[in-house]
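Now for the letters of each chain:
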Amino acid sequence: MRSVLGWFNVLLIALLCMALTPLAQAEPFKPTDDAMVLETLPRRDNDALNARIASLRMQLNAAPADFKLASELAEQHLSRFRRDSDPRDLGQAEAAIAPWLRTDNPPALALILRASVQQSNHQFDAALANLNLAMSKTPGNPQALLMRASILQVQGHYAAAKESCGALIFQDTVFAGICLANVLAVSGQPDQATALLQRMLTQAPPEQGIKAWAAASLAEAAASIGQDAQAEAALRSGLAANPRDAYLKTAMADFLLAQRRPREVLPLLADDIRNDNLLLRLAMAEQQLGSADARAHIDDLQARFAAAAARGDRVHLREEAMFRLILLNQPEAALQLAQANWQVQKELADCRILLESAVAAHQPRAAQAALEWLKTAGLRAPSLLALEQQAQLPAGR
């Protein structure tokens, strides 16, 4: 069995995937000219990850029955998806293990890899089904337990998520601690979560992924209770350990934007415009600064939405809600997206965009589910308390 550490990047993919999705009512764009460029695909420069994928592909072509090669290739595609947000990598990851998934008795590892692809596509129930099947083959499987906990947390099933985290204690105490703290942070015990994550960050092994996970988790927990200095320190610690981590860059950009420090976002994200989520934050920073560059990046995002619509892509409604609300000033459309997103996932960022959209659209009743979640979570950052007050229904209504 591979170690938990070797699986960390695979786990994060669906938690951090950055695809954007169009409005349900939007008509797919149909080009009138065969020569029209719809989207520029990412370059495949020969960096270490791309070279590794190319090497594994060649080896697998020469030995197509080698499951070890196939599963490693799938893992590398998932890692590149996290870095580049290129949906082709999800299809290529699943294709690598497809022959084993078609058998009557697929390996547990194949099921876990398929679950990771499904998680990235927000097919949470299907992912849980595959994880449960994998665990029936390999009870106590740490990869399955960790991924299962993250999905259950996103769905708001906190007791079950804690149970999965607890089972990890026999595998790795640091992983179990970070896992549990993440659940505590959104289920009524944010102070305990912050204290636990402080300890876990000091104990996290030097592997970049682990340090990044602990740092990002601590930053979100600390910010949610108004400890901004600690949040920023955690983010900088994580970025020092892994400067290319896309999730940490997103978290740092969100923090800086909330602090009205957009000028610091520009150098952080200038080289990452291929990643949709990072491009969104860059455009938001440019808009705060009144930069002329914002227009081109907004148009670029619109084009990416058109490409997503043509693919039938409905992943990460949260990011498009942010796009519609902040960059296009379309609060009603943003609210519709935020409400649809809330039906799928319930985390702090989902709560925030639902509240912001409802307030901007003057429809506070639409935010009642988010208000209830916020109260139960026990979060008290000043910005959240201000949103909560704005979204309260008038007396007697």
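Residues numbered from 1 in each chain as written. Predicted model: local features only at pLDDT ≥ 70, side-chain atom pairs only at ≥ 80, totals over all residues. Heavy atoms only, no water.

## Things to note about the packing of helix 15 (residues 276-289) against helix 17 (residues 317-327)
Which entries qualify depends on this criterion: As a rule, the C-alpha atoms of each element are fitted with a line to give its axis, helices using only the stretch in contact, and angles between N-to-C directions run from 0 to 180 degrees. Only DSSP runs of H or I covering at least 4 residues are called helices, and only runs of E covering at least 2 are called strands; the numbering of each starts at the N terminus. Angles are sorted into four bins: roughly parallel if under 35 degrees, roughly antiparallel if over 145, roughly perpendicular if 65 to 115, and oblique for all others. Crossing chirality is assigned from the near helix's rotation relative to the far helix, an anticlockwise turn below a right angle marking it left-handed and a clockwise turn marking it right-handed. Pairs of residues are marked as contacts when any of their non-hydrogen atoms sit within 4.5 Å. Three classes are used: nonpolar for Ala, Val, Leu, Ile, Met, Phe, Trp, Tyr, Cys and Pro, charged for Asp, Glu, Lys and Arg, and polar for all others, with Gly counted as polar.
For the pair helix 15 and helix 17, the least separation of the axes is 11 Å and the interaxial angle reads 15°. The angle between helix 15 and helix 17 falls in the class roughly parallel. Considering only the axes of helix 15 and helix 17, their crossing is left-handed. Across the interface between the two elements, Asn277, Leu280, Arg281, Ala283, Met284 and Gln287 from helix 15 touch Glu319, Met322, Phe323, Ile326 and Leu327 from helix 17. Across the contact of helix 15 with helix 17, the residue classes break down as seven nonpolar, two polar and two charged.

## Thoughts on the environment of Ala195
We apply this condition: The classification of residues rests on relative accessible area computed with a 1.4 Å probe and restricted to protein chains. Under 20% of the type maximum is buried, over 50% is exposed, and intermediate values are partly exposed.
Note that Ala195 resides in helix 10 (residues 190-203). Relative accessible area serves as the criterion here: at 43%, Ala195 is assigned to the partly exposed category. For the pair Ala195 and Leu218, spaced 23 residues apart in the sequence, the C-alpha separation amounts to 8.7 Å.

## Let's talk about the confidence of the model for the protein chain
Applicable threshold: pLDDT: the predictor's confidence for each residue, scored from 0 to 100.
Taken as a whole, the protein chain shows an average pLDDT of 87; of its residues, 86% reach a score of 70 or greater. In the predicted structure, residues 1-29 sits below a pLDDT of 50 and forms 100 contacts with residues beyond four places in sequence or in another chain. Scored below 50 in pLDDT, residues 38-42 shows ten contacts in the model against residues more than four places distant or in partner chains.

## Let's talk about the packing of aromatic side chains
The test is simple: Ring pairs shown here join Phe, Tyr and Trp side chains whose ring centres sit within 6.5 Å, with only the six-membered ring taken for Trp; geometry is labelled stacked below 30 degrees between planes, edge-to-face above 60, and tilted in between.
Per the stated rule, a full pass over the model turns up three aromatic pairs. Aromatic pair Phe175 and Trp213: ring centres 5.4 Å apart, planes at 50°, arrangement tilted. With Phe175 in helix 9 (residues 173-185) and Trp213 in helix 11 (residues 208-224), this residue pair connects regions lying 38 residues apart in the sequence. Classification of Phe175 by relative accessible area gives buried; the value is 1%. Judged by centre distance (6.0 Å) and plane angle (90°), the ring pair of Trp342 and Trp373 falls under edge-to-face. One end of the pair, Trp342, is in helix 18 (residues 331-342); the other, Trp373, is in helix 20 (residues 368-377), and 31 residues separate them in sequence. We classify Trp342 as buried; its relative accessible area is 5%.

## Overview of the side chain of Thr194
We count it as follows: Two N or O atoms form a polar contact when they lie within 3.5 Å of each other; inside protein one atom must be a possible hydrogen donor and the other a possible acceptor, and for residues adjacent in sequence the pair counts only when both atoms belong to side chains.
By secondary structure assignment, the location of Thr194 is in helix 10. A polar contact of 2.9 Å, which involves the side chain of Thr194, links it to the backbone oxygen of Pro190.

## Quick notes on the environment of Cys179
Relative to the assigned elements, Cys179 resides in helix 9. For Cys179, a relative accessible area of 5% corresponds to the buried category. A C-alpha to C-alpha distance of 8.7 Å links Cys179 and Ala161, two positions 18 residues apart in sequence. If we ignore the near neighbours within four places in the chain, the residues touching Cys179 are Leu146, Ala149, Cys165, Leu168 and Trp213.

## Observations concerning helix 18
Put simply, the test is: Given a helix with a known number of residues, its expected span is that number minus one, times 1.5 Å.
With twelve residues, helix 18 ought to run about 16 Å at 1.5 Å a step, and its terminal C-alpha atoms sit 16 Å apart, in line with that. Residues Pro331, Ala333, Ala334, Leu335, Leu337, Ala338, Asn341 and Trp342 constitute the buried set of helix 18.

## Let's talk about the nonpolar core
One broad trend across soluble globular proteins is that nonpolar side chains are buried collectively. Formally: We define a nonpolar core as any set of buried Ala, Val, Leu, Ile, Met, Phe, Trp, Tyr and Cys residues linked to one another through side-chain atoms lying within 4.5 Å.
Grouped together as the largest cluster of nonpolar side chains are 122 residues, with contacts concentrated most on Phe323, Leu327, Leu355 and Trp373. Looking at this core, the element that brings in the most residues is helix 11, giving ten residues. Among all residues touching Trp373, those that are not within four sequence positions of it are Tyr158, Val186, Trp342, Lys346, Glu347, Leu348, Cys351 and Leu379.

## Describing the side chain of Ser357
Among the structural elements, Ser357 can be located in helix 19 (residues 348-360). In contact with Ser357, not counting residues within four places along its chain, are Leu325, Pro331, Ala334, Leu335 and Ala338.

## A short note on the pattern of salt bridges
Rule in force here: Salt bridges are defined as contacts in which a side-chain nitrogen from Lys or Arg sits within 4 Å of a carboxyl oxygen from Asp or Glu.
Taken as a whole and judged by the stated rule, the model has 18 salt bridges. Measuring nitrogen to oxygen at the nearest pair gives 2.9 Å for the salt bridge that ties Glu232 to Arg261. Note that Glu232 is positioned in helix 12 (residues 228-241) and Arg261 in the loop between helix 13 (246-258) and helix 14 (265-269), a separation of 29 residues in sequence. Between Arg324 and Glu320 there is a salt bridge, and its shortest N-O distance comes to 2.8 Å. Taken together, the positions of Arg324 and Glu320, both in helix 17 and four residues apart, correspond to about one turn of that helix. In terms of burial, Arg324 and Glu320 fall into one category: buried. One continuous salt-bridge network, built from bridges that share partners, spans Glu232, Arg236, Arg261 and Glu264.

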